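The chain contents come next:
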Amino acid sequence: MPLMTPEQYEESLRKLKLKVYLQGELVSNPVDHPIIRPSMNSVKMTYALAQEPQYEDLMLATSHLNGSRINRFTHLHQNSDDLVKKVKMQRLLGQKTASCFQRCVGMDAMNAVDSVTFEMDRKLGTNYHERFIKFLTRVQDKDWTVDGAMTDPKGDRSLSPSKQADPDLFVHIVEKRADGIVVSGAKAHQTGALNSHAILVMPTISMGKEDADYALSFATPVDAEGIYYIYGRQSCDTRKLEGGSIDVGNSQFGGHEVLMVFDNLFVPWENVFMCGEYEFSGLLVERFAGYHRQSYGGCKVGVGDVLIGAVALATEYSGSSRASHVKDKLIEMIHLNETLYGCGIACSAEGCPTASGTYLIDLLLANVCKQNVTRFPYEIARLAEDLAGGLMVTMPSEKDLRHPEIGKVVEKYLKGVANVPTEDRMRILRLIENITLGTAAVGYRTESMHGAGSPQAQRIMISRQGNLEQKKELAKAIACIAGK
C-alpha cells in the first residue's frame, strides 16, 4: 500500500469503533468532536508533509525490510543520519502545528522494542523479534499511526507492582491461553491514542521476579474489544465549544491525552513481544526513555520557534520591539531554544548500532537533552509572558470584539501600533496564552517536565552514564598521581 494521504488517514479513523468517554458522555464521533478534532489535525499534518516533495528527505525513509519508501514515523533508525533527521522532522512538525503531533511515542517504542526483543531472543531462545517484525511490516505496509503505551497509574509508589492493593494499577496478565493472553489494567497520559491505529504496550518500570506477570509488551488494535478510553481535561479546552477562533489561540491544531483501560483484553500470541521476561523490562524502559528524551530536542524546539515568533510579533504590535531589554530577552529565548536543539542533534550524531542493527542514541547526551527540556521551556515561557504583557490574560473575548456595540470599544482600547488591526494583536496574544497557559501548555510545559520520565529519572541516568571514574583517572594523569 502506498503512503496514506491526509484524507485517507482521516477516513481510516472514521472506520474505527472506539469507545471514548469525554466529560461523562460516550462520544459517538471522535473525529469531528470539536474538542478532539484539532488533535487529529496535528497527526494529519504528519501525513500531509509526507506528500510534499520539499519535505521528502525528512518525512520519508527507506524501509530496511523491503526497500519501499515509508513515513519516517514507521521507520527503524539504520544510522546516525536517521537519528538526526528524526529530530529535524520533529522540529518541522512543531513549527507547523505549534502543538503535540502525537506520533513520536509510537516511533520511539517501535525502535526500542526491536532491539530489546532481538537481544531477548538471542539470550533466551524466544521468538519475540520475529513476531515484532511481522507487526512492524503491517505498520509500514498500512502506514499506520502507532500509540506507544508505557505509563501505568502506579498506585502506591512505595510498592512494587505485585504488592499493590489493586493489581490493576499496573497492566498485568490475567490468564494465559493456548491462543494468547488476557490482560487487565490501564495506561495513563496516553498521547494521541484516539488518532492511532494500533497500540504498542511496554512495561513502565524495571521489574523483579515477583513482578513477572507485569513484564509485558504487546500490540493491539486501538478499537479491540476490551479497550475503552477516558479523555483527559486540558486547560481552556471548552473554549473549543464556544465557536470562533481567536480565544482558542490555536484553532487548527492541538494534542490530547487519555486514560486507556484494558478490561480483560485478549491479545493473540503473534502480537505478544514480552511475557514475563522481567530481566529485560528495565532495558526496554531505558531504551524507550532514551529515544523519547531525544525526541524532546526536536518537537519542543519547533513549538518554541512559534512561541518566540509570536512574542516578537506581540512586541512589534505594542510598539516595544526596539527596546534593548526586549531584544535581549528575545535573544535569550532563542539561545535556550537552540541549546535544546543542539542537545537533540548531538545525541543523534553520537548514536551507535544495537545488536539488531537499529541505531540507538547516545544515552548520556539524550538524558542531558531531556534534563534541559525540564527547565528551558519554562524559562522561555516566563520570558514570553514577560514580553507579552498582562493583556494576554485580561483581554475581553472574541464575542465582545464582534458585538455590534461594545466591539468598537474593544477595538479602540486594545489598539497598539496604529497600523496593526486590533484583531491581529488579540490573535497573537491568545496564541502565546495557548502555548504558555492553555491547551498547548500540556505539551510545552508540563510534558516537558514529566514526559519521558520526570527530572530525577534523567539525573539517575546521567549519573550512570557519566563515567565519573574515567574522569578521575584523567585528573590523576594530569596531576601526576600514580596508582589507584
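Attention in this report is confined to the structure presented alongside it. Everything quoted here is computed from the prediction, not taken from an experiment.

**Some thoughts on the pairing of strand S8 (residues 198-201)**
- Of the two faces of S8, the one lined by Ala 198 and Leu 200 and the one lined by Ile 199 and Val 201 are each fully buried.
- As paired strands, strand S5 (residues 146-149) and S8 are joined by 4 bridges and run parallel to one another. Looking at S8, one finds that Val 146 is bridged to Ala 198.
- Direction of pairing for S8 relative to strand S9 (residues 216-221): antiparallel, over a ladder of 4 bridges. Residue pairing across strands places Ala 198 opposite Pro 221, the latter belonging to S9.

**Some thoughts on the layout of surface pockets**
- Empty space within the second largest pocket amounts to approximately 190 Å³.
- Lining the second largest pocket we find 13 residues, and of these Gly 249, Asn 250, Ser 251, Gln 252 and Leu 431 sit closest to its centre.
- Every element with two or more residues in the lining of the second largest pocket is listed here: helix H4 (80-97) and helix H14 (422-436).
- Looking at the lining of the second largest pocket, the element that brings in the most residues is H14, giving 3 residues.
- When grouped by side-chain class, the residues that make up the lining of the second largest pocket number 5 nonpolar, 6 polar and 2 charged.

**Examining the environment of Arg 69**
- Note on placement: Arg 69 falls in strand S4 (residues 69-71).
- Spatially, the C-alpha atom of Arg 69 lies 8.1 Å from that of Leu 3, the residues being 66 residues apart in sequence.
- There is a polar contact of 3.5 Å between the side chain of Arg 69 and the side chain of Glu 56.

**Notes on the pattern of salt bridges**
- Enumeration according to the criterion identifies 30 salt bridges in this entry.
- For Arg 14, the salt bridge identified is with Asp 32, shortest N-O distance 2.7 Å. Here Arg 14 is found in helix H1 (residues 6-14), whereas its partner Asp 32 is found in the loop between strand S2 (25-27) and helix H2 (37-49), with 18 residues between them in sequence.
- A salt bridge links Arg 402 to Glu 423, with the shortest nitrogen-to-oxygen separation between them at 2.8 Å. Taken as a pair, Arg 402 in helix H12 (residues 398-402) and Glu 423 in helix H14 lie far apart in primary sequence, 21 residues in all.
- For Arg 402, a relative accessible area of 44% gives the class partly exposed.
- Classification of Glu 423 as partly exposed rests on a relative accessible area of 23%.
- One salt-bridge network, in which partners are shared between bridges, spans Glu 10, Arg 14, Asp 32, Arg 37 and Lys 44.

**A look at the sheet that holds S5**
- Within the open sheet, the 4 strands sit side by side as S5-S8-S9-S12. Their pairing is mixed. Two strands lie at the open edges of the sheet, namely S5 and strand S12 (272-275), each paired on one side alone. Mean inter-strand twist for the sheet, computed between neighbouring axes without regard to direction, equals 20°.
- Where helix H6 (residues 128-142) meets the sheet, its contacts fall on S5, S8, S9 and S12, and the angle it forms with S12 comes to roughly 145°.

**Considering a nonpolar patch on the surface**
- Taken together, Ile 406, Val 409 and Tyr 413 make up a surface patch of nonpolar side chains, about 300 Å² in accessible area.
- Tracing the backbone through its elements, the reader meets Val 409 in helix H13 (residues 407-413).

**Describing the side chain of Glu 10**
- Relative to the elements of secondary structure, Glu 10 occurs in helix H1.
- When neighbours within four sequence positions are excluded, Glu 10 is seen to be in contact with Val 31, Arg 37, Met 40 and Lys 44.

**Quick look at the sheet that holds strand S1 (residues 20-22)**
- Strand order across the open sheet formed by 6 strands is S2-S1-S10-S11-S7-S6, with mixed pairing between neighbours. This sheet does not close on itself; its edge strands, each paired only once, are S2 and strand S6 (172-177). When the angles between neighbouring strand axes are averaged without regard to direction, this sheet yields 20°.

**Topic: helix H10 (residues 376-388)**
- Spanning 13 residues, H10 covers 18 Å between terminal C-alpha atoms, matching the ideal 18 Å at 1.5 Å per step.
- Burial in H10 covers these residues: Phe 376, Pro 377, Ile 380, Ala 381, Leu 383, Ala 384, Leu 387 and Ala 388. In a view along the axis of H10, the buried residues occupy a sector of 165°, so they form one face of it.
- Among the structural elements, helix H7 (281-318), helix H8 (324-349), helix H9 (363-373), helix H11 (391-394), H14 and helix H15 (441-450) are those in contact with the buried residues of H10.
- Taken from the residues just after H10, Gly 389 is the one with a positive phi, measuring 90°.

**Overview of the nonpolar core**
- Ranked by size, the top nonpolar core spans 76 residues in total, and within it Phe 132, Phe 135, Val 183, Leu 200, Phe 218, Tyr 229 and Phe 262 carry the most contacts.
- In terms of residue count, helix H5 (residues 104-124) provides more of this core than any other element does, 7 residues in total.
- Beyond its immediate chain neighbours, meaning those up to four positions away, Phe 132 contacts Met 110, Val 113, Asp 114, Thr 117, Leu 200 and Phe 273.
- Membership of the second largest hydrophobic core comes to 57 residues, among which are Tyr 55, Ala 384, Ala 388 and Leu 431.

**Structural notes on the environment of Val 420**
- Of note, Val 420 is situated in the loop between H13 and H14.
- Residue Val 420 is classed as buried on the basis of its relative accessible area, which comes to 13%.
- Ignoring anything within four residues of it in the chain, the contact list for Val 420 reads Tyr 317 and Lys 415.

What counts and what doesn't
- Residue positions are counted from 1 within each chain, in the order its sequence is given.
- With pLDDT at 70 or above as the cut-off, local features in this predicted model cover only qualifying residues; side-chain atom pairs require 80 or more to be listed or tallied, and sums for whole chains, interfaces and linings still use all residues.
- Side-chain measures were taken over the full set of non-hydrogen atoms in the model, leaving aside hydrogen atoms and water.
- Relative accessibility under 20% of the residue-type maximum defines a buried residue, over 50% an exposed one, and the middle range a partly exposed one, all with a 1.4 Å probe and only protein chains included.
- Only DSSP runs of H or I reaching four residues or more are called helices, and only runs of E reaching two or more are called strands; each is numbered from the N terminus.
- Any two strands with at least two DSSP bridges between them are considered paired.
- Whether a set of points on the 1 Å grid over the protein atoms alone is a cavity depends on a 1.4 Å probe fitting there but being unable to get out, while an open set qualifies as a pocket with protein on both sides within 12 Å along at least five of seven lines; lining residues are those with an atom within 4 Å of a point.
- Grid points are joined across faces, edges and corners, and a volume is the space filled by probe spheres set on the points.
- Under the scheme applied here, ten amino acids are nonpolar (Ala, Val, Leu, Ile, Met, Phe, Trp, Tyr, Cys and Pro), four are charged (Asp, Glu, Lys and Arg), and all others, including Gly, are polar.
- Nitrogen and oxygen atoms within 3.5 Å of one another constitute a polar contact, given that in protein one can donate a hydrogen and the other can accept it, and given that sequence-neighbouring residues count only through two side-chain atoms.
- By definition here, a salt bridge exists when the distance from a side-chain nitrogen of Lys or Arg to a carboxyl oxygen of Asp or Glu is within 4 Å.
- Every axis in this analysis is a line fitted to C-alpha atoms, fitted for helices over the stretch in contact. Angles between the N-to-C directions lie between 0 and 180 degrees.
- Contact between two residues is taken to exist if any of their heavy atoms lie within 4.5 Å; hydrogens are not considered.
- Patch criteria: residues need more than 30% relative accessible area and no salt bridge. Like-charged residues are merged within 9 Å; nonpolar side chains of Val, Leu, Ile, Met, Phe, Trp and Tyr are merged within 5 Å.
- Each accessible area is a Shrake-Rupley result for a 1.4 Å probe, and residues are judged covered by the shown protein chains and nothing else.
- Given a helix with a known number of residues, its expected span is that number minus one, times 1.5 Å.
- The arc under discussion is defined with respect to the helix axis, by the directions toward the C-beta atoms.
- Grouping buried Ala, Val, Leu, Ile, Met, Phe, Trp, Tyr and Cys residues that are joined through side-chain atoms within 4.5 Å yields what is termed a nonpolar core.

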